[in-house]
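# Residue-level structural notes
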Amino acid sequence: MDSLYFSTSFSRYLSVLIAIFLLTCSSLTLAGGGYQPKWYELESNLRFDPLDRSWTERDSTYIFSQFFPREYTLSERRQLEAEAFQKDIAAAVQENRPSINFEDFNGPATIGAYSLNSVQGVSWGRCASASIESQLGFSLALIENSSYGDRNLWRLLTQRANLNSACRNREQLTRFIEGISQNLHTVHHRYLYAAALFYAHEYALAYPVFEDLSELNIAWVSEASSYMLSRTALAQSQLSAYYLLHRIDENTDITRAREAILLSEQYLTRYPEGLYTQSAKGLIRGTLWRLGEESASLDLLERDLNELLAELSIEANWSNFQQEKLRDYFDEVSLFGDKDRAQALSSVRAFISLAPNSEVLAPLRNFVESLNSFQLGDFAAVVAQYQGKENLAQPELVLLARAYEGNNQTEEALSLWLSQRMGDTLDYKSTNFEAAQILMQDQNVESLIRNELITDSNIRRVYLSSLCGDSLQKDLLQDTQIGEDARHDLFADLALRYIFHERLDELDSLIAASYSDSIVREFSSIREPVRLIASDDSAEFGYVELAHFLQTVVEDPIPETFTEVEPGCRNSTLANDAKGPNYYFNMAVSVAEKKSNAEAKALFYLTICPKYRASCMWGSVIEDGLSSREAFTKLHSEYEDTSWAKRAEYYY
C-alpha cells in the first residue's frame, strides 16, 4: 500500500543518479595550440563542474545525496526490513498470543513471499501495494485482535503471506480469490479478498468491498481500505498509477480521476497523521499533474516540501527515512516541475535558507558558501576551507580539486584526483580522466604516456589517436622506462594507423621488430598474415586474416563522438578514410590469382557483411568492392561444394 509517489521513488532516484553520471563534458583545448578532438564523452564520467556548467536541480538532488547518503543499499534494506518484520511479528505474538509457536510461521511462507516480491519489484504493476509495510500492518492488527482464536489467526496470517506470493501470478491469484471468496465472514477475510481483486485488476468488484470496510471503525483495516478506495478509483480512471509520465488521453475517465483526488482528500481529513498520509498526498499531486494541472500539482508539492522543511529545521539529526523523503521531493520536482519553479524548489541553496537553524545542515551550508566563492573566482578561499581536512564529501573533494586547478596548483590537483580519498568516491575512469585533462592542459601527450598514475588505457589511446603524426609514438615506444601497458598502447596506435591507411610495409616492420609479447599482445596473431602480404606470397590469405582480425578484435575506430580531428589530418586513427574489414576482404579477392580457400572465405564474409554492418562495413562503403549479391554469385558459382558456400544461404 505504498504511495503512488513513493512507489516510484527508488526508480526515479536511480534515473537521476544515472543522468548525473552520464553528463557530458565541455571541450578541451590541449597545450601547444591547434585543434583537438572532443572525444571524452566517456561512459561513467562524473562531471560535477560548477565552473563549466550551471548548477541544475539534478545537481542539487545529487549533491544532497552525497552529504546525506543512503544508509543501506536496496538489497541490504530489504534484508533488514525482512528481519525487522520477523522481530515485530514475533514480539506481537509473544505479547498477545503466547500460546502460538511463532517459529512455525516465522520462515518460508511470510519472509519467502516478501523476498520474492521484493526482488521482482513491489513498486510496479499488479503487486504495487504488496509491500512489507502492508503485510506488517495487516499482521499486527490481526495479532492484536482478541476476537480470533489461534487457529483462525494462523490461517489468516498464512493467507496474507500467500497473497503476497500469488499477486504476480494470474493463475495463483485466481485460485486465491476463488478460495477466500468461500469465507468472507470476517473483516480481515474481506480485506484480503478486496486486495486480491485489486491485484487482479478487478477494480469494479474491489471498490464496494473497500468502501464497506472503510466505513467501519476497525484498526488498520478501515484506514487501509479508505486509502485503497482512492487507489482503486484512480485505476478505474485509466490514468496509470504505475507509468510515471502517463497523461490524460481519450481513454481517461476524468470523473473517476477527480473521485480519486476527492477520496484522498477525505482520507487526509479523517487520518491527518495516518499510515498513508504521504501516499495520499503523492496521489493527489500525481493525478493533478496527469490531468494537466501542473501548476496546482506544483503548488501542493511546494506546500508539502515546506512542511517537511519546517519539521526538519528544528531537528539536530534526521532519520534515514526523512532524508530519503526529502530526496524523493527533489526527484519529483525535477521530473514534474516546470524548469524555473523546479530550479527554485529543489535548489540546495533554497533549501538551506528555509532551514537555517538545522545543525545537520552545517556541512552543506559551508559547501554552498565555498561554491559561491569558487564561482566568483576566489579559488584560494575554497582551498583554505577544505585543504587538509579529512572525511570530505564527494562534492567537497571535487570542488577542492577544481579550486586547485583554478589556483594554478597543478601538482596538488593531480595528486588529489589520483588519491585514495577521491578513489573511494569516484571510479578510476573518472579520476584518470580528470588527471589526464590536467596533464594535457599543463603539458602534452608525452606527459600523459609517461605518467604511470594514469592507468586507463582508453584515455591514453584516444589522445594518441587524435594525433596526426606518428613520430612521438615511435620515439616513446623505444623508451624502456615507460610501463608495458603504456608501450602496448603506443604499439597499438601505430599498428592501427598502418592498417587503417594501408601502410602495410610499415606494419610488417613494426610487427617483425623484437618487441616482447607483452608489448605486441593481440597483434601477434597477424604477424604471419602481414608478412605474406608484404612478401606478396599467398597475399589473399594474409588479407583475409587481416580483415578477420579487424572484424573480431578491433572496434570500429570512428564512432560518432570520435570523428572530430584536425582538418586535413589523414593519418589519425580517427580519420574518416580508415580501411576496415570490408576493404581487406575485397583486397583478398582482387589479388587471388587462382581458386583458394582464402578467396572462398573472403567471398563468404563479403556476402554476409551487410548483415553485420557494425563489425564489417566500418571504414568502407559498398561501392569500394563487391556487393553482397556479387560476392554470393561468385561464391556459389566457383566454390559451390565448399563449406563457405553452404553457410551463405542468402545475400543481403
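Rules used throughout
Throughout this description, residue numbers start from 1 for each chain and increase along the sequence as written. With pLDDT at 70 or above as the cut-off, local features in this predicted model cover only qualifying residues; side-chain atom pairs require 80 or more to be listed or tallied, and sums for whole chains, interfaces and linings still use all residues. As a convention, hydrogens and water are excluded, and side-chain values are obtained from all of the structure's heavy atoms. Whether a residue is buried, partly exposed or exposed follows from its accessible area with a 1.4 Å probe, protein chains only, as a fraction of its type maximum: under 20%, in between, or over 50%, in that order. Each helix is a run of DSSP H or I of at least 4 residues and each strand a run of E of at least 2, with the numbering of both proceeding from the N terminus. Each direction from the helix axis to a C-beta atom contributes to the arc, which is the arc of those directions. Pairs of residues are marked as contacts when any of their non-hydrogen atoms sit within 4.5 Å. Here is the rule: rings of Phe, Tyr and Trp (six-membered ring for Trp) pair when centre to centre is within 6.5 Å. Planes less than 30 degrees apart are stacked, more than 60 are edge-to-face, and the remainder are tilted. Two conditions define a charge sitting above a ring: the NZ of Lys or the CZ of Arg must be within 6 Å of the ring centre, and it must be within 35 degrees of the ring normal. A carboxyl oxygen of Asp or Glu within 4 Å of a side-chain nitrogen of Lys or Arg is what we treat as a salt bridge. What pLDDT reports is the predictor's confidence in each residue, on a scale of 0 through 100. Note on terminology: disulfide denotes any pair of cysteine sulfur atoms within 2.5 Å. Axes here refer to lines fitted to C-alpha atoms; in helices the fit is confined to the stretch in contact. Angles between the N-to-C directions go from 0 to 180 degrees. What sets the label is the angle itself: under 35 degrees gives roughly parallel, over 145 gives roughly antiparallel, 65 to 115 gives roughly perpendicular, and the rest give oblique. A clockwise turn of the near helix away from the far one marks a right-handed crossing, whereas an anticlockwise turn of less than a right angle marks a left-handed crossing. Nonpolar residues are Ala, Val, Leu, Ile, Met, Phe, Trp, Tyr, Cys and Pro. Charged residues are Asp, Glu, Lys and Arg, and all others, Gly as well, are polar.

## Some words on helix 30 (residues 527–535)
- Those residues of helix 30 not exposed but buried are Pro529, Val530, Leu532 and Ile533. The buried side chains of helix 30 occupy one side of the element, clustering within an arc of 160 degrees when seen end-on.
- Buried residues along helix 30 sit against helix 28 (504–512) and helix 31 (539–552).
- Phi turns positive, to about 60 degrees, at Asp536, one or two residues after helix 30.

## So, the packing of aromatic side chains
- Summed over the entire model, instances satisfying the criterion amount to 22 aromatic pairs.
- Centre to centre, the rings of Tyr227 and Tyr276 are 5.2 Å apart; their planes meet at 15 degrees, and the pair counts as stacked. Of this pair, Tyr227 sits in helix 11 (residues 221–236) while Tyr276 sits in the loop between helix 12 (254–270) and helix 13 (277–290); the two residues are 49 residues apart in sequence, bridging distant segments of the chain.
- The ring centre of Tyr583 lies 5.4 Å from the NZ or CZ of Lys579, which sits over that ring.

## Topic: the pattern of salt bridges
- Throughout the structure, instances matching the rule amount to 23 salt bridges.
- Notably, a salt bridge pairs Arg521 with Asp485, separated by 2.6 Å at the nearest N-O pair. Of the two residues, Arg521 sits in the loop between helix 29 (517–520) and helix 30 while Asp485 sits in helix 27 (residues 484–500), which places them 36 residues apart along the sequence.
- You can call Arg521 partly exposed: its relative accessible area is 31%.
- What emerges from the salt-bridge pattern is a single network uniting Arg460, Arg461, Asp489 and Glu522.

## Looking at unusual backbone geometry
- We note that Asn391 has phi near 55 degrees; this positive angle belongs to a residue other than glycine.
- Within the secondary structure layout, Asn391 lies in the loop between helix 19 (379–386) and helix 20 (394–406).
- Classification of Asn391 by relative accessible area gives exposed; the value is 78%.
- Of note in this structure, Arg521 is not a glycine but carries a positive phi near 50 degrees.

## Some points on the confidence of the model for the protein chain
- Scored by pLDDT, the protein chain comes out at a mean of 79, with 77% of its residues at no less than 70.
- Contacts from residues 1–54, a stretch scored under 50 in pLDDT, to residues over four places away or in other chains number 154 contacts.
- Segment residues 559–563 is flagged for pLDDT under 50; beyond a separation of four residues in sequence, or across chains, it makes 9 contacts in the model.

## Remarks on the environment of Tyr605
- Within the secondary structure, Tyr605 is located in helix 33 (residues 597–608).
- Put simply, Tyr605 and Cys616 are 11 residues apart on the chain and 8.5 Å apart in space, counted from C-alpha to C-alpha.

## What to know about the state of the cysteines
- The tally for this structure, following the rule as stated, stands at 1 disulfide.
- Residue pairing for Cys609: its cysteine sulfur links by disulfide to Cys616, the two sulfurs lying 1.6 Å apart.

## Details of the packing of helix 30 against helix 31
- At a minimum axis separation of 7 Å, helix 30 and helix 31 run at an interaxial angle of 140 degrees. Regarding the angle of helix 30 to helix 31, the classification is oblique. Between helix 30 and helix 31 lies a crossing of left-handed hand. Every residue of helix 31 that contacts helix 30 at Pro529, Leu532 and Ile533 is listed here: Ala539, Phe541, Gly542, Tyr543, Glu545 and Leu546.
- Grouping the constituent residues of the contact of helix 30 with helix 31 by class yields 7 nonpolar, 1 polar and 1 charged.

## Considerations on the environment of Leu626
- In this fold, Leu626 is placed in the loop between helix 34 (613–616) and helix 35 (628–638).
- Residues Leu626 and Ser590, 36 residues apart in the sequence, show an inter-C-alpha distance of 9.9 Å.
- Contacts of Leu626, omitting those with residues within four sequence positions, involve Asn586, Val589, Leu603, Leu606 and Ala631.

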